[in-house]
Amino acid sequence: MSTMNVKASSGGEEDASGMRSATLGEGSRSGDIKKGQAIIAACVIATIELTFIFMQMGVMPYLAKSIGLDSVGFGYLQTTFGVLQLVGGSIFGRFADKFGARAALILSCASGSAFFLLTSISTSIPLLFLSRLPAVFMHGLPGAQKVITDMTTPSQRADALGKLGLCFGIGIIIGSVLGGVLSTKFGIFAPIYVGLVANLINVMIAMFWIPLQAKPKTDHHLTEHSNVFSIREILRLMKFPGVMEVFIVKVFAGLPLGLFLIMFSIISMDFFGLEAVEHGYLMSYFGVLQMVVQGLVIGKLTSRCTEMTLLKLSVFVFAGVGLGMALMRTVWHYCIIAVPLVFAFNTLGTITDSILTKAVPSSDTGTMLGICASVQPLTRTVGPTIGGVLYKHFGVSSFGYLQLIVNIGLFVYLLKSNIPLTEMKSQ
């Protein structure tokens, strides 16, 4: 009798254990589905925001001209946008760390709505400059990156961040085409109105598709009384092992190329002799290359090579791209150079973002992504002046030689230095 009771008891325990395992399995699958939905939602938000940012960049020169802003004033307008993005990147990252990725994305999308709303009523030069103010919090791509870093393991991060780069390529292609079509058929403000509606849709997507996560455990540096605007807290991240070294490589490896791209609209007209339509085709070609590299290449490389190996490879390829840029003479040469250029540019950005977010505590990944996102606005801020001087006095080849020299120096530095990279555990 007792034996039967023991067997019955044992069978009950096994059944209970099986039920617990099944429940845990279902919970895990449900969690994976929610994570997948959140990542998809973040990618959709980033794609929509980037599409309409590129769209408004295409129509903005015509809008500025229509209200009497000359080329010099338009340069100031672009610089204003770059400075606001530069200042806001790190602040946005700190906000994401304190209040979560969903709140950060809602802030970004709401700022985008305000940006397009103010632009739609910009009938004078002061109003046009005022419309740039919401750009300080328009950081949909870093917000999406924050969602991915929260939802993926460190081993999955580089591949996931690489695939997020598809959004950039889609934004270039669709945004460039859509802006021209809408403005031609329905007037110069039509793309702006569509951008306003699209950003309101983004707010709804962020509210309902991005989960509200528990706040991460924080150390003394991120207490409830910690200030989102604290520069000291931002600079503190640079003291983690290897962070400063990798960040320096991130900034300087792509800086000469950034200067070239800022001047590219002028170079395409004067040096390559392209018409506006041909320039649009060239930009679409870049968008396609971007999608191929981000969607098909980077993920496979990250599964077979270490991140430091890929970092060295991207810098080395950048040096080769510099030599090619120095020697190119026609747009066809540039189309060939564009293949390794896009590869190096995207690999460098993805790998450095992955390394840097792993090197800091999980409670600081948003701030780190915000700092990384400030690199391009910094280039856009100083680029017109430096790039203009280089182009005017030394020609197109000067960008290539600068790219070659800087990246050879960085490659030698990476070979000789032993950068102390340590992966921080979740905190």
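Residues numbered from 1 in each chain as written. Predicted model: local features only at pLDDT ≥ 70, side-chain atom pairs only at ≥ 80, totals over all residues. Heavy atoms only, no water.

If you check an unreviewed UniProt entry, the protein appears there as Organic cation transporter-like protein 2 from Eolophus roseicapilla. Listed under Function (unreviewed entry) in UniProt, the entry text for the protein is "May act as a transporter of organic cations based on a proton efflux antiport mechanism. May play a role in the transport of chloroquine and quinidine-related compounds in kidney. Plays a role in the regulation of lipid metabolism." The UniProt entry for the protein carries the following text under Subcellular location (unreviewed entry): "Apical cell membrane". (UniProt positions renumbered as here; feature names shortened; annotations may be inferred.)

Engineer: Talk me through the packing of aromatic side chains; I want residue IDs and the actual numbers.
Structural biologist: Following the criterion strictly, the structure yields 15 aromatic pairs and no others. For the ring pair Phe260 and Phe399, a centre distance of 5.8 Å and an interplane angle of 70° mean the geometry is edge-to-face. Remark: Phe399 occurs in helix H18 (residues 397–416) and Phe260 occurs in helix H11 (residues 255–262); sequence separation between them is 139 residues. The class for Phe399 is buried, based on a relative accessible area of 0%. What links up through ring pairs into an aromatic cluster is the set Phe260, Phe264, Phe271, Phe272, Tyr285, Phe286, Tyr334 and Phe399. (Phe/Tyr/Trp six-rings, centres within 6.5 Å; stacked < 30°, edge-to-face > 60°. Helix = DSSP H or I, 4+ residues; strand = E, 2+ residues; numbered from the N terminus. Buried < 20%, exposed > 50% of the residue type's maximum accessible area, 1.4 Å probe, protein only.)

Engineer: Give a description of the nonpolar core that names residues and reports values.
Structural biologist: Soluble, globular proteins show a tendency: their nonpolar side chains are buried together. By size, the foremost hydrophobic cluster in this structure holds 57 residues, and its most contacted members are Phe260, Tyr334, Met368 and Phe399. By size, the runner-up hydrophobic cluster in this structure holds 24 residues, among which are Ala46, Val147, Val203 and Ala206. (Core = buried A, V, L, I, M, F, W, Y, C linked by side-chain atoms within 4.5 Å.)

Engineer: Lay out the environment of Val243 in plain terms, naming residues and giving numbers.
Structural biologist: With respect to the secondary-structure elements, Val243 resides in helix H10 (residues 243–253). Sequence spacing of Val243 and Ala359 is 116 residues, and the spatial spacing of their C-alpha atoms is 6.7 Å. Beyond its immediate stretch of four places on either side in the chain, Val243 contacts Leu237, Met238, Leu356, Ala359, Val360 and Met368. (Contact = heavy atoms within 4.5 Å.)

Engineer: Break down the environment of Ala338 for me, citing the residues and quoting the values.
Structural biologist: Along the chain, the position of Ala338 falls in helix H15 (residues 331–358). Measuring from C-alpha to C-alpha, the distance between Ala338 and Gln290 comes to 10.0 Å, with 48 residues separating the pair along the chain.

Engineer: Before we move on, can you summarise the pattern of salt bridges with the specific residues and values?
Structural biologist: Close approach of charged atoms lets side chains of opposite charge pair. Summed over the entire model, instances satisfying the criterion amount to five salt bridges. The partner of Lys146 in a salt bridge is Asp150, and the shortest N-O contact between them spans 3.4 Å. You can see Lys146 and its partner Asp150 sitting in helix H5 (residues 140–151), four residues apart, about one turn around the helix. Given the relative accessible area of 4%, Lys146 is considered buried. Across the pair Glu307 and Lys358 runs a salt bridge whose closest N-O atoms are separated by 3.0 Å. Taken together, the residues span a long stretch of sequence, with Glu307 in helix H14 (residues 307–327) and Lys358 in helix H15 at a distance of 51 residues. Each of the two residues, Glu307 as well as Lys358, counts as buried. (Salt bridge = Lys/Arg side-chain N within 4 Å of Asp/Glu carboxyl O.)

Engineer: Give me the lowdown on a nonpolar patch on the surface, citing residues and values where you can.
Structural biologist: Where nonpolar side chains cluster on the molecular surface, the patch consists of Ile40, Val44, Met204, Met207, Phe208 and Trp209 and spans about 630 Å² of accessible area. Residue assignment for the nonpolar patch shows that the elements contributing at least two residues are helix H1 (2–66) and helix H8 (190–209). Counting residues per element, the nonpolar patch draws most heavily on H8, at four residues. By the secondary structure assignment, Phe208 is in helix H8. With relative accessibility at 62%, the residue Phe208 sits in the exposed group. (Patch = residues over 30% accessible without salt bridge, like charges linked within 9 Å, V, L, I, M, F, W, Y side chains within 5 Å. Areas by Shrake-Rupley, 256 points an atom, 1.4 Å probe, with all protein chains shown as cover.)

Engineer: Describe H5, listing the residues and the values that go with them.
Structural biologist: Taking 1.5 Å as the rise per residue, H5 with twelve residues should run 16 Å; its terminal C-alpha atoms sit 17 Å apart, in good agreement. Counting buried positions along H5 yields ten of twelve residues, so the element is predominantly enclosed. Among the residues of H5, Gly140, Pro142, Gly143, Ala144, Gln145, Lys146, Val147, Ile148, Thr149 and Met151 are the ones counted as buried. (Expected span 1.5 Å × (residues − 1).)

Engineer: Could you give me a rundown of the environment of Thr347, with the residues and numbers involved?
Structural biologist: As for its position among the elements, Thr347 is in helix H15. Spatially, the C-alpha atoms of Thr347 and Leu310 are 7.3 Å apart, while their sequence positions differ by 37 residues. When sequence neighbours within four positions are dropped, the list of residues in contact with Thr347 reads Ile298, Leu310 and Ser314. Among the polar contacts listed, one links the side chain of Thr347 to the backbone oxygen of Phe343, at a separation of 2.7 Å. (Polar contact = N/O pair within 3.5 Å; in protein donor to acceptor, adjacent residues only side chain to side chain.)

Engineer: Give a description of the side chain of Ser374 that names residues and reports values.
Structural biologist: In this fold, Ser374 is placed in the loop between helix H16 (365–373) and helix H17 (375–394). Since its relative accessible area comes to 7%, Ser374 is described here as buried. At a separation of 3.0 Å, a polar atom in the side chain of Ser374 contacts the main-chain carbonyl oxygen of Gly370. In contact with Ser374, other than residues within four places in its own chain, are Leu86, Gly89 and Ser90.

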